[in-house]
Protein chains: 2
Amino acid sequence: MSNLVESFVSREEIFDGRILKVVKDTVTLPNGEMATREMCLHVGGVCVLPLLDDGRVIMEHQYRYPHGRIFFEIPAGKLNYKGEDPLSAGMRELREETGAVAERYTFLGELASTPALIDEKIYMYLAEGITFGERRLDEDEFLDVELVPLSELYEMVMRGEIKDAKTQLAILKTANLRRDLLNL
Amino acid sequence: MSNLVESFVSREEIFDGRILKVVKDTVTLPNGEMATREMCLHVGGVCVLPLLDDGRVIMEHQYRYPHGRIFFEIPAGKLNYKGEDPLSAGMRELREETGAVAERYTFLGELASTPALIDEKIYMYLAEGITFGERRLDEDEFLDVELVPLSELYEMVMRGEIKDAKTQLAILKTANLRRDLLNL
């Protein structure tokens, strides 16, 4: 499928911010024409679905400024640097945001959030065997935690009531692995 | 949960490109401190899972420049303008990219691709009763089409072999609606 590949020609650096880097590349298209590709570069992220032994999930309410409203999400965060081990990052984010520590992690795959615009990859994990320690949020981080049964979250996703892509995906994947926890 | 809300103070326009607009806002945090929020503004998008009567799905191989490789995705595209009817946009993108026309559309919900960074919302549809007309790609758009059984796509998602978030989600949601098509 080399008939689909676009080749790098040159790069214009647009913005180098705290979390976003924006570039505009000139590329050669498969038909030989030139085009520009605007994109964001991102360090990548991790998300964790923490499943308690009783079938409830640790969920978070968090304000998402670009959407101007509170989202209902699983714990998640950025990698500290490109190439950081995503499982270590997931354990850290889970602990910081919820105080939870897990005995067992299952990799649920990765997702490309919006591959036409940003190189962000998010690694997804299911965490089980949860015990609780102490929360320690980043200083500019504010969120509320709530415990919700997986069966209820599954219904919410299927009714379209949860918007965040990584949260929807991790819930549906976990639901497929743990059909015993659903009320079907 | 007003204890979570961040309030707009001022905006710095960073970049106003062809598909991306980037801004840096100053906000007031729930604790009264100031912070900056870098984000991308996007018109929004739509994706369509076209399910043939024989249980196969129209899939696309498309080069995604930010990731530097070919992705395996369902048909999708940007809205033409903010507030465009997403179903009309979905019908257009499906027709342009694959030549397919559908008799029935089922709304599968929306997704926020990466809500900390971008205000993009993607509307998801299941399309059924497919017949084929003529493809008409955008002039800088290159993609190959392949027909793959839903049951196989479901297994690929569960094994982590499909990366695109909207594609994974639309496949898992459709699989939950059409368990009769899976080999479980």
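Residues numbered from 1 in each chain as written. Chains lettered and ligands numbered in written order. Predicted model: local features only at pLDDT ≥ 70, side-chain atom pairs only at ≥ 80, totals over all residues.

A. Expanded view of the overall build of chain A. In terms of regular secondary structure, chain A is built from 3 helices and 10 strands. Reading the secondary structure of chain A in the N-to-C direction produces β-β-β-β-β-β-β-α-β-β-β-α-α. For chain A, the spread of C-alpha atoms along the three principal axes comes to 60 × 40 × 30 Å. Relative to its 184 residues, chain A shows a buried fraction of 41%. Look at the contacts in chain A between residues 6 or more apart in sequence, and 61% of them connect residues 24 or more apart. (Helix = DSSP H or I, 4+ residues; strand = E, 2+ residues; numbered from the N terminus. Buried ≥ 20, exposed ≤ 12 C-beta atoms within 10 Å, placed from the backbone. Contact = placed C-beta atoms within 7 Å.)

B. Representation of the confidence of the model for chain A. Averaged over every residue, the pLDDT of chain A is 94; the share at 70 or more is 99%. With pTM at 0.94, the complex prediction returns an ipTM value of 0.94. (pLDDT = per-residue confidence, 0-100.)

C. Inspection of the nonpolar core at higher detail. Counting 72 residues, the largest nonpolar core has A:Leu49, A:Met124, A:Ala127, B:Leu49, B:Met124 and B:Ala127 as its most contacted members. Dropping the residues within four chain positions of it, B:Met124 is found in contact with B:Cys47, B:Leu108, B:Gly109, B:Glu110, B:Leu111, B:Lys166, B:Leu169 and B:Ala170. By size, the runner-up hydrophobic cluster in this structure holds 18 residues, among which are A:Val22, A:Leu117, B:Leu20 and B:Leu117. (Core = buried A, V, L, I, M, F, W, Y, C linked by C-beta atoms within 7 Å.)

D. Fine view of the relation of the copies chain A and chain B. Structural alignment of chain A on chain B gives an RMSD of 0.0 Å, achieved by rotating through 180° and translating 0.0 Å along the axis. Classification of the inter-copy transformation places it as that of a two-fold axis. Looking at the rotation axis and the C-alpha trace of chain A, the residue lying nearest is A:Ser113, at 2.5 Å. Taken together, the interface assignments show that 100% of the residues at the interface of chain A recur at the interface of chain B, consistent with an identical surface on both copies. (Least-squares fit on C-alpha atoms with pLDDT ≥ 70 in both.)

E. Representation of the sheet that holds strand β2 (residues 21–28) of chain B. Residue and element names in this part refer to chain B. The antiparallel open sheet is built from 3 strands, whose spatial order is β1-β2-β3. Taken across any chain shown, the strands that pair with only one partner, and hence form the sheet edges, are β1 (7–16) and β3 (34–41). Between one strand and the next, the sheet's axes are offset by a mean angle of 20°, whatever the strand orientation. By the bridge criterion, 8 bridges tie β1 to β2 in an arrangement that is antiparallel. Of the residues in β2, the one forming a bridge with Arg11 is Asp25. (Pairing = 2+ DSSP bridges. Axes fitted to C-alpha atoms, helices over the stretch in contact; angles between N-to-C directions.)

F. The interface of chain A and chain B, seen in detail. Listed by partner, the interface residues are 56 residues for chain A and 56 residues for chain B. When its residues are assigned to classes, the side of chain A that touches chain B shows 31 nonpolar, 11 polar and 14 charged. (Nonpolar A, V, L, I, M, F, W, Y, C, P; charged D, E, K, R; others polar.)

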